[in-house]
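Descriptive structure summary
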Amino acid sequence: MKNKEKILIIIPAYNEEKNILSTYQEIINYNKKMKTKYDVIVINDGSYDKTENILKDNKIPHISLVTNLGIGGAVQTGYKYALENNYDVAIQFDGDGQHDVNCIKDLVKPILDKKANMTIGSRFIKKDSSEFQSSQLRRIGIKMISLVIKLKTKKKIYDTTSGFRAIDKNLIKLFTEIYPIEYPEPISTVYVLNHNYKVDEIGVNMKERKEGKSSIHTWKNFYYMINVILTILLLKRGKKNAK
Amino acid sequence: MQSNLRILLVVLSIVLIITTLSLIAKNKLPIKYSLFWLVASIVVLLVGLVPNVITFFTSLIGFETSVNLVTGIILGLLLLITLLLTIIISEQKRKIILLVQEVSILKEKINK
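Just so it is clear, the model here is predicted, and its values are computed rather than measured.

If you look at the interface, chain B gives seven residues, while chain A gives twelve residues. Of the residues assigned to the side of chain B that touches chain A, the class counts are four nonpolar, two polar and one charged.

Structure representation (C-alpha cells):
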C-alpha cells in the first residue's frame, strides 16, 4: 500500500464509555504493528456518560457535538472533517468493538486501486468469514431492504445495514452535502448507486458487541423498516456523475 | 345557512385578518407565513358573505347541510396549515444539524 494517501477512520460514539478506549487502542496498536498511518477522529454525539472524559484524558482526537444529532448527523460531521483536512479515504468504524481492525485494509484496497468508490464490510459475502451473523428476524429485515435496493438500483447489496464502510474523495464530498439523518447506511448506499458510483461489498469479520446495546431496538424495528423502504422507494435518481 | 352563523363567520374572519395584519406590522410574523393565514381568513369571510356559493357546493359534494361544508372547509384549511408547519420544522431541523456540526468542528479547532 502506498503511504501518501491520507486515510481517516471516523468513529461515531454515543455513550460508549466502556468500549471507546479499547477500540481506539486497537487501531493505534495496529498502526504500530503494520506501519500504517490510519488517522482517527471520534465524533462524540452528545454522550451523557463519561465518553467525553475518556476522550480528553487519553488525548484521543475527537469532535464533541454540542448536542445529540443521531448517527447520521454524527457521521456526516466526520465526513466534513475529512473534506476540510483533505483525506483521500474515510472509513466509518463502530466504537463498540463490533468491527475488526484487521479488515480495514481490505476495505481500503479497492478504493486505492480505483476499483470502487465505496466498499461495504459485509457479514454475508463469505458465510464463514464472520463469527457474528445477527438474529434471524434482523436477517430477514436486511434481506427485505436488500430486495428493495435491488429493485431500485439493479444492484445486489447483501449486508445493507453494515456500519463498516469506506468511501473515496468523491463520496466524501457528496456526503458532506447530503446525508440521511436517520438510518443512514442503506439509504446512503442508494444515494451512491443513484449517482452511478461503484459500490463493492467485502467479506469481513464482525464480533458481538462487547458492551451496551445496539442502537436498533426490537420495538423500533418496524419503524426502521417502514422508514428505510419508503425512503429508498421515493429517492429520485441522481445526476450521472461518474462514468 | 342561518344568519347568526354567517355573522359569526364574518366577525371571526375579520378578527383573524386584523390580527394577522397587526402581527405583520409589529414585525412578529414574516409575510411568507402570514399570506396563508390571510388567504384562509378571506375564504372564511367569503363563506359568510356569499352563502349561495356554499349552498351550491353543499349539494354538489353531497354534504347534508351547508354548516357541515363550512366545518369541512375550516378543517381542510387547518390541515394545510399543519402540513406547512411540518415542512417548516423539517427545514429548520436541517439547518440546526448544520449549525451543530459547524460549531462543534470550530470548537475542536479552537481547543487544539
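Moving on: the sheet that holds strand β2 (residues 38–44) of chain A. Residue and element names in this part refer to chain A. Ordered by their spatial adjacency, seven strands build an open sheet running β3-β2-β1-β4-β6-β5-β7, and the pairing between neighbours is mixed. A strand with exactly one partner marks an edge of an open sheet, and here the two such strands are β3 (62–64) and β7 (199–203). Ignoring which end each strand starts from, the neighbouring axes of this sheet average 20° apart. The sheet contact formed by strand β1 (residues 7–13) and β2 spans seven bridges and is parallel. Note that in β2 the partner of I9 across the bridge is V40. Running at roughly 170° to β2, helix α1 (residues 20–34) makes contact with β1 and β2 of the sheet.

To continue, consider the environment of V47(B). Residue placement: V47(B) occurs in helix α2 (residues 31–49). Leaving out residues up to four positions away in the same chain, V47(B) has contacts with L9(B), I54(B), V70(B) and I73(B).

Okay, helix α4 (residues 66–111) of chain B next. If you check α4(B), its first and last C-alpha atoms are 67 Å apart, about what 46 residues at 1.5 Å a residue would give, namely 68 Å. Contacts made by the buried residues of α4(B) are with β3 and α3 (71–84) of chain A together with α2 and α3 (51–61) of chain B.

Turning our attention to unusual backbone geometry. In this structure, N15(A) takes a positive phi of about 50° despite not being glycine. Structurally, the position occupied by N15(A) is in the loop between β1 and α1. The backbone of N27(B) shows a phi angle near 65°, a positive value even though the residue is not glycine. Relative to the assigned elements, N27(B) resides in the loop between α1 (3–25) and α2.

Scored by pLDDT, chain B comes out at a mean of 88, with 99% of its residues at no less than 70. This complex was scored by the predictor with a pTM of 0.84 and an ipTM of 0.83.

About the criteria used
Every chain begins its residue count from 1, and numbering advances along the sequence as written. Just so you know, chain letters begin at A and ligand numbers begin at 1, following the order they were written in. At least 70 in pLDDT is required for a residue's local features to be given in this predicted model, at least 80 for side-chain atom pairs to be given and counted, and no such filter applies to totals for whole chains, interfaces and linings, which use all residues. It is the C-beta atoms, placed from the backbone, that decide contacts: two residues are in contact if theirs lie within 7 Å. Amino acid classes used here: Ala, Val, Leu, Ile, Met, Phe, Trp, Tyr, Cys and Pro are nonpolar; Asp, Glu, Lys and Arg are charged; the rest, including Gly, are polar. Pairing between strands requires that DSSP locate at least two bridges from one strand to the other. Numbering of helices and strands starts at the N terminus; helices are DSSP runs of H or I of at least 4 residues and strands are runs of E of at least 2. Angular values range over 0 to 180 degrees, each being the angle between N-to-C directions of two axes fitted as lines to C-alpha atoms, with helices fitted over their stretch in contact. Expected span of a helix, by definition, is 1.5 Å for each gap between consecutive residues, and there is one gap fewer than residues. pLDDT is a per-residue confidence score from the predictor, ranging from 0 to 100.

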